[in-house]
Structures are given as C-alpha cells and as structure tokens.
Amino acid sequence: MKRREFSKITLTAAAGIATLPGWATSSENYKIRLGGPVLKKYSDPEEWISSLKELKYRAAYCPVSQSAGSTEINAYREAARKADIVIAEVGAWSNPIDPDKKKSESAIDKCIKSLQLADEIGASCCVNISGSRNPEKWAGPHKDNLTPNTFDLIVETTRKIIDAVKPSNTFYALETMPWAYPDSVVSYEKLLKAIDRKQFGVHFDPVNLVVSPQVYYKNGEMISEAFKKLGKYIKSCHAKDILLLDDELTPHLPEVRAGLGNLNYAVFLKELSVLKNIPLMLEHLNTEEEYDQAAQHIRKIAEENNIFL
C-alpha cells in the first residue's frame, strides 16, 4: 500500500472515531431501528409484518394484548424474528404506587402480566411510569411524588414486579417523567443502583426531561449526558418533539410532532446510533399522515448526519 493511500485511510478512520460520543466504547455505528404504531387493522402476523414494511419500520410496538394465548404470541414473535423486526416494548401503563391499595394491587398485577408478555414475545422491554401519589390522576403531579418516601416505594414496587416474573428475555423499565421519578438523569442513576436488579433497564424519552427554558435551549447537552451515564442500560426510546411557547409569562412546553419543535435530533440520533438494536418509537400522534411526517423528519436529520436508519 502506498504511503498516500495509507495516510488517507488512517485520517478517514480517525475522523470517524472523533465523531463518536465520548462515552462510546466501540467505533461501530449501527442502524437505528425507527418504529411506530400500526394504525391499519391486521388479523394475523403476515398482515402486521406487511404493514410494518410498508411504513419502513424496523421496530414495532407489541402486536398482541395480555389476553393472547401462547400460540398467538409465538406466531408474532417468530414473524418478527424472520422479518428482522424488533418488538420494542409492551406498555404496562398504570399506577403501581396509587395511594388506594386496591388500585395499587391491580396496577402491580397488570405490570406483572405485561412483563410476562414482554418476556414471552421477546420485547426489548416492558415499560411503565413509576406511578404517582395523586389519587385523581394516575400519571399526574403530586406534592409527594418527588420525595424520599416515594422513591423508596418505587424501589420496593419495581423489585416486586421484576422478582415475580424473573424475566430472561426482556427488561422492566420506567419512562422518564417531569414530576415523578425518574425525573432526571441523576435520579435514574440512583434508581438503577437502588433497585439493583439485572433485568431493570432504562426507557429514555428526552422530551419528558425538558422541563425548563434552560434545558429546552440546551437539550442536546442533556441528551448527551443521558447517554453517557445511562447508555448501556437503555432498552427503548420515544420519538417526539417539544416547543417553548412565548405567548405566556410562565413557561409552557407542549409536546409536538417530531420536526415541529426544538429537540436536538442530530445529537439524539448520533448517540443512539452507537447502541445496537435500540428502538426509536414514534408516539402520541393521531393519523398515519402525522406519523409519516414525523418519520420523514427523523430520516432527513439522519441522512444529513450520515446516520443509518
């Protein structure tokens, strides 16, 4: 090999490594698995896979409910495997720390069954919020949410759910929330350590951590910090956007479709591309057109930054 050719290759490789996040331990970049819900009705695994391919998704939400039998679950799991589709998550949306004991017990039972389904179908994770002490709104703010006692209750409840299932193919994860733990990268680190379960993972939704103008304008830095400290535990991510409205005297930060806000997708995608097979899931939109527009925005940012989807 001529010296000029060798130098060119060496410089190119060095440039590639320099663009990696500082926390990354591998120089390999992976294709991001963009996914979202299938709004078109399907009656079997073949129709489900066909819809996913039509949408150009490489990840999907769990296609069956808790009431599904083993035969149906196995059929969808095998269809996903053959089509190289990652089933990203099973939602266990409920309030396992509800102050009403009966409601809390019912929610914990739902979480256990959801985690069992996630383990059987081979989903990346089973995801829920940690819960709320609000007796009126299952995911609402409350003065007791961000307290040491509630932190301990979350640890106890999460361990109970994981220990009841002992999953081997999936993880139980908590979605980041602005008014409930984990409400920051720091509190998620503390939960990981306190819960101390191998099958407890991280579900990362950066929009839910944008809680002030300061974070809004520096959300790229927040995202980088999250991947640096939590990256190896991340099992699934949500894709949406956030906007700071300037027509009020107090901060108003509504969630919007990807592409209509200020979330730093260039940083988000760059950090995510270093992790292998982690789904990036579109959510909270109403129509196929809106999901298509959100996907187009993410694909455009990825293309501009030489990131593969």
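A brief look at the structure comes next. (Residues numbered from 1 in each chain as written. Predicted model: local features only at pLDDT ≥ 70, side-chain atom pairs only at ≥ 80, totals over all residues. Heavy atoms only, no water.)

Examining helix α8 (residues 219-230)
So the rule is basically this: In this description a helix means any DSSP run of H or I spanning at least four residues, a strand means any run of E spanning at least two, and both kinds are numbered starting from the N terminus. Helix span is expected to be 1.5 Å times the residue number reduced by one. Any two residues whose heavy atoms approach within 4.5 Å at even a single point are treated as in contact.
Compared with an ideal rise of 1.5 Å per residue, which puts 12 residues at 16 Å, α8 spans 16 Å between its outermost C-alpha atoms and is within 8% of the ideal. Buried residues along α8 sit against α6 (185-195), β6 (200-204), α7 (213-217), β7 (234-239) and α9 (265-272).

Some remarks on the sheet that holds strand β2 (residues 59-61)
Put simply, the test is: Two strands pair if DSSP finds at least two bridges between them. Note on method: axes are straight lines fitted to C-alpha atoms, helices fitted across the in-contact stretch only, with angles between N-to-C directions ranging 0 to 180 degrees.
Taken in spatial order, the eight strands line up as β1-β2-β3-β4-β5-β6-β7-β10 and close into a barrel, and their pairing is parallel. Adjacent strand axes in the sheet meet at a mean angle of 30°, parallel and antiparallel pairs treated alike. As paired elements, β7 and strand β10 (residues 279-282) share three bridges and run parallel to each other. The partner of Ala239 across the bridge, within β10, is Leu282. Running at roughly 165° to β6, α8 makes contact with β6 and β7 of the sheet.

So, the state of the cysteines
Inclusion rule: Any two cysteine sulfur atoms lying within 2.5 Å of each other are counted as a disulfide.
Scanning the entire structure with this criterion turns up zero disulfides. Not part of a disulfide, Cys62 finds its nearest cysteine sulfur in Cys126, a span of 9.5 Å. Just so you know, Cys126 is unpaired, no disulfide at all, and the nearest cysteine sulfur is the one on Cys111, 6.4 Å from it.

Quick look at the pattern of salt bridges
Rule in force here: Basic side-chain nitrogens of Lys or Arg form a salt bridge, by our definition, when they fall within 4 Å of a carboxyl oxygen of Asp or Glu. Using a 1.4 Å probe on the protein chains alone, a residue whose accessible area is under 20% of its type maximum counts as buried, one over 50% counts as exposed, and one in between counts as partly exposed.
Taken as a whole and judged by the stated rule, the model has 13 salt bridges. Across the salt bridge formed by Arg81 and Glu78, the nearest N and O atoms sit 2.9 Å from each other. Separated by three residues within a single helix, Arg81 and Glu78 lie in helix α3 (residues 70-82), roughly one turn from each other. A relative accessible area of 54% places Arg81 in the exposed class. On the accessibility criterion, Glu78 (28% relative accessible area) is partly exposed. The salt bridge partner of Glu283 is Lys240, with a shortest N-O separation of 2.9 Å.

Comments concerning helix α2 (residues 45-55)
For the record, the criterion: Read the arc as the range of directions from the helix axis to the C-beta atoms. Polar contacts here mean pairs of N or O atoms no more than 3.5 Å apart (in protein, one a potential hydrogen donor and the other a potential acceptor; neighbouring residues in sequence count only if both atoms are side-chain atoms).
Every buried residue of α2 is listed here: Pro45, Trp48, Ile49, Ser51 and Leu52. The buried residues of α2 occupy an angular sector of 160° when the element is viewed end-on, so they sit on one face. Exposed side chains of α2 directed beyond 90 degrees from the buried face belong to Glu46, Lys53 and Glu54. Structurally, α2 contributes buried residues whose contacts are with β2, α3 and β3 (86-91). The N-terminus of α2 is capped by Asp44, whose side-chain oxygen sits 3.1 Å from the backbone nitrogen of Glu46. Lys56 sits one or two positions beyond α2 and adopts a positive phi of about 60°.

Description of the packing of aromatic side chains
Basically, it comes down to this: Two aromatic rings from Phe, Tyr or Trp, using only the six-membered ring of Trp, form a pair when their centres are within 6.5 Å; if the ring planes differ by under 30 degrees the pair is stacked, by over 60 it is edge-to-face, and anything between is tilted. Note on geometry: a ring has a charge over it if NZ (lysine) or CZ (arginine) is within 6 Å of the ring centre and within 35 degrees of the ring normal.
With the rule as written, the count across this model stands at nine aromatic pairs. For the ring pair Tyr188 and Phe200, a centre distance of 6.3 Å and an interplane angle of 35° mean the geometry is tilted. With Tyr188 in helix α6 and Phe200 in strand β6, this residue pair connects regions lying 12 residues apart in the sequence. Take Tyr188 and Phe200: they sit in the same class, and that class is buried. By the ring-pair criterion, three or more aromatic residues cluster together here, those being Phe204, Phe227, Tyr265 and Phe268. Residue placement shows Lys235 over the ring face of Phe171; its charged tip is 3.9 Å from the ring centre.

Concerning the nonpolar core
Condition: For the purposes of this section, nonpolar cores are sets of buried Ala, Val, Leu, Ile, Met, Phe, Trp, Tyr and Cys residues that join through side-chain atoms within 4.5 Å.
Judged by nonpolar contacts, the single largest core of 82 residues is most densely connected at Phe204 and Leu280. Among the elements that make up this core, the one with the highest residue count is helix α4 (residues 101-121) (seven residues). Leaving out residues up to four positions away in the same chain, Phe204 has contacts with Leu209, Met222, Ile223, Ala226, Phe227, Ile234, Ser236, Cys237, His238 and Phe268.

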